[in-house]
Amino acid sequence: MFSKILIANRGEIAVRIIKTCRRMGIRTVLVHSDADTGSLAYEMADETVHIGPSPAAQSYLLQDKIVEAVRQTGAEAVHPGFGFLSENPVFARRLEAEGIAFIGPNPHAIEAMGDKITSKKFAAEAGVSTVPGHMGLIDTPEQAVEIARGIGYPVMIKASAGGGGKGIRVAESDADMAEGFAAVKAEALTAFGDDRVFLEKFVVNPRHIEIQVLGDKHGNIVSLFDRECSIQRRNQKVIEEAPSPLLDEATRKKMGDQAVALARAVSYDSAGTVEFVAGQDRSFYFLEMNTRLQVEHPVTELITGVDLVEQMIRSAAGETMAFKQDDLKINGWAIESRIYAEDPYRGFLPSIGRLVRYEQPEEGDQGDYTVRNDTGVREGDEISMFYDPMIAKLCTWGETRIAAVDGMARALEDTHLSGLGHNVPFLAAVMDQERFRSGALSTSYIKDEFPDGFHGVPAGPLQRDVLVAASVAMHEIVSEQASDPSDRTDWIVLIDREPVGVSLSYDDDEALTLELAGEDRTLRLSDIDWRPGLAQFRAVLDDVPFTAEVRRVADGFDIRSRATRARVRVFTPRMAELFARLPEKQAADTSKLILSPMPGLVVAIAVTPGQEVKEGETVAIIEAMKMQNILKAERDAVVKSIGAKAGDPVAADDVLVEFE
């Protein structure tokens, strides 16, 4: 077994690998860029080596730097994590030539299956069902349009060296294809150093299901069952679960057997994932094989009890797998929510900045569910524009799918972030949706359920009760601490501007009882855990524990309960009457402005002052988190002025273009 391993990665996956190495008694070396100096992984590693500036192309993608760090520290093996050099056969071969173990599959397997074009050809030759498409290289937009017409729209444009949702577009027309082809090539070159793309038919209403495989260097290969990754946004997985709610045992076995056969054909000897697109009728087609550890591997670990990082290390060290297929069973259900630094209220655009507050749910057994939180950041860390905006992978396990889903909803309640935009409210909304809870998933789920984007969820009966009870309790606590307690028992709670009349009293257990005017019912709030300054309000409402995110404002409280966010005020009846007469504040008119939707770099400004533009024409391109975002005119207009130029850094809401 190795005594020292170098981790050629960063963030949460570096932390994840370090934890397993510690348990196995293996020392770790972490390479890091400027942006990751002082990170959580940096502090956890036994040794660190600086390898360059923040951009990945100047640090994590430089093979010479990685190899030199191995020589410098005496590490015996390299774990590449995912992304960066994890699926680079040249890197794997170079390590092999240097006498350094690569903790991943053999170079032949990476080459045969890691390249998206080659893998599809290989699968077709092996008799695996594949989605119709064009696997050859495409050089020009005109050629791409011609091929797409032959396949039939909609068509997916994919980077050959892609991964992590980067370098993918769906084209519905010739115009989409011409524009998307150029964008995907540019993204692919930036993210992977390889601008080759291919096309495949986009299957309507599909599900994304994958099989985890694991092999050793002695010919043993097993399936660790399936994961469903259908909840995606811009082809980026957002919520994953294991096993899939779609599959029956016969289909699960068929997919697993096919994945193992494919892995066996290339003598696969590490952790890898065979991805399929599945129809609602349980038909399935091979998509690609990811020859590395997947981001969503924790859900498989939770239902099988197998540490995949440990197994990768043992395989790379030449050990024989300690279990066989018949030894593996599915135990319970697991859900993973990817918490991203992105603003769901602004079209899920990246949100760069400092993580001012980060309160995490308690890990481990929580009674009806178990929590695992894989994260690479701490409170006070900065989310950089140079890398993927993931903050954490929050996972829950339960004996049943509903138990895991309910556990996730509670774990999300116990997660508090501030300082930047994040998608926790959106994730909470999905957990509460009946469609998700029923398992009726597809890759178009987000588009179907949130066609106009995410704007929060109006307060339903449960959230309304939480808002009322929490606001009254906080009002009482604030008044008491200010030495201004009131004997008043009748109040009007305004949820935004909706009035709810309440009468309050305390019982013998110091629980707060609220009688709701005109509703012939009461609420009982007990076990209150809050004081002014705390960002989370915890209590038990009618025997159900909950956590709400709260913030005091001048005339009340801002409260978020799961996906519901509201300004809540506690007034006397007279104050409520006067407040109702105040006019609502009107939003500023920005119809003549093109604003930067996120912090990032200006790639291009496609217009000039005095130019006439038509609705739908590209006005500017902004790059952040390795993704290019195309901004288009929403109406016909004439350009009055330009607020930025190519290469300029911009903040969210900076004016890029002003129209007359």
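Relevant structure appears above.
Description of the structure in this document. (Residues numbered from 1 in each chain as written. Predicted model: local features only at pLDDT ≥ 70, side-chain atom pairs only at ≥ 80, totals over all residues. Heavy atoms only, no water.)

## Thoughts on the overall build of the protein
Selection rule: Per the convention used, a helix needs a DSSP run of H or I reaching at least four residues, while a strand needs a run of E reaching at least two, with both numbered from the N terminus. As a reference, a globule follows 2.2 Å times the number of residues to the power 0.38, and the radius of gyration itself is taken over C-alpha atoms. Three labels apply to residues, based on accessible area from a 1.4 Å probe with only protein chains included: buried if under 20% of the type maximum, exposed if over 50%, partly exposed otherwise in between. In what follows, residue pairs with any heavy atoms lying within 4.5 Å of each other are defined as contacts. Each accessible area value is a Shrake-Rupley result obtained with a 1.4 Å probe; residue values ignore everything except the protein chains displayed when judging cover.
When you go through the protein residue by residue, the secondary structure sums to 17 helices and 40 strands. The C-alpha radius of gyration of the protein comes to 27 Å, within 12% of the 26 Å expected for a compact globule of 660 residues. Looking at the protein residue by residue over its 660 residues, the buried ones come to 57%. Contacts in the protein between residues at least 24 apart in sequence constitute 64% of all its contacts with a sequence separation of at least 6. In the structure as shown, the protein presents an accessible area of about 27,100 Å², 49% of it carried by carbon and sulfur atoms.

## Let's talk about a negative patch on the surface
Which entries qualify depends on this criterion: In this analysis, a patch consists of residues with relative accessible area above 30% that form no salt bridge, clustered at 9 Å for like charges and at 5 Å for the nonpolar side chains Val, Leu, Ile, Met, Phe, Trp and Tyr. What makes a salt bridge here is a side-chain nitrogen of Lys or Arg within 4 Å of a carboxyl oxygen of Asp or Glu, nothing more. As used throughout, the charge tally considers Lys and Arg to be positive and Asp and Glu to be negative, leaving His and the chain termini uncounted. Think of each charge as sitting on NZ of Lys, CZ of Arg, CG of Asp or CD of Glu.
Together, Glu612, Glu615, Glu617, Glu634 and Asp636 line one region of the surface with negative charge. For aspartate 636, the position within the fold is in the loop between β37 (627-632) and β38 (637-642).

## Considering the packing of aromatic side chains
Note the following rule: When the centres of two rings from Phe, Tyr and Trp lie within 6.5 Å, Trp using its six-membered ring, the rings pair. Their planes under 30 degrees apart give stacked, over 60 give edge-to-face, and anything left gives tilted.
One pass over the structure, following the stated rule, counts 13 aromatic pairs. Centre to centre, the rings of tyrosine 60 and tyrosine 387 are 5.9 Å apart; their planes meet at 75°, and the pair counts as edge-to-face. Within this pair, whereas tyrosine 60 is found in the loop between β3 (47-52) and α3 (63-73), its partner tyrosine 387 is found in the loop between β22 (382-383) and β23 (390-398), the two being separated by 327 residues in sequence. Here tyrosine 60 and tyrosine 387 have matching classes, each one buried. Judged by centre distance (5.4 Å) and plane angle (45°), the ring pair of tyrosine 345 and phenylalanine 454 falls under tilted. Of this pair, tyrosine 345 sits in the loop between β16 (342-343) and β17 (349-350) while phenylalanine 454 sits in the loop between α15 (445-449) and α16 (461-481), and the two are 109 residues apart along the sequence. Classification of tyrosine 345 by relative accessible area gives partly exposed; the value is 23%.

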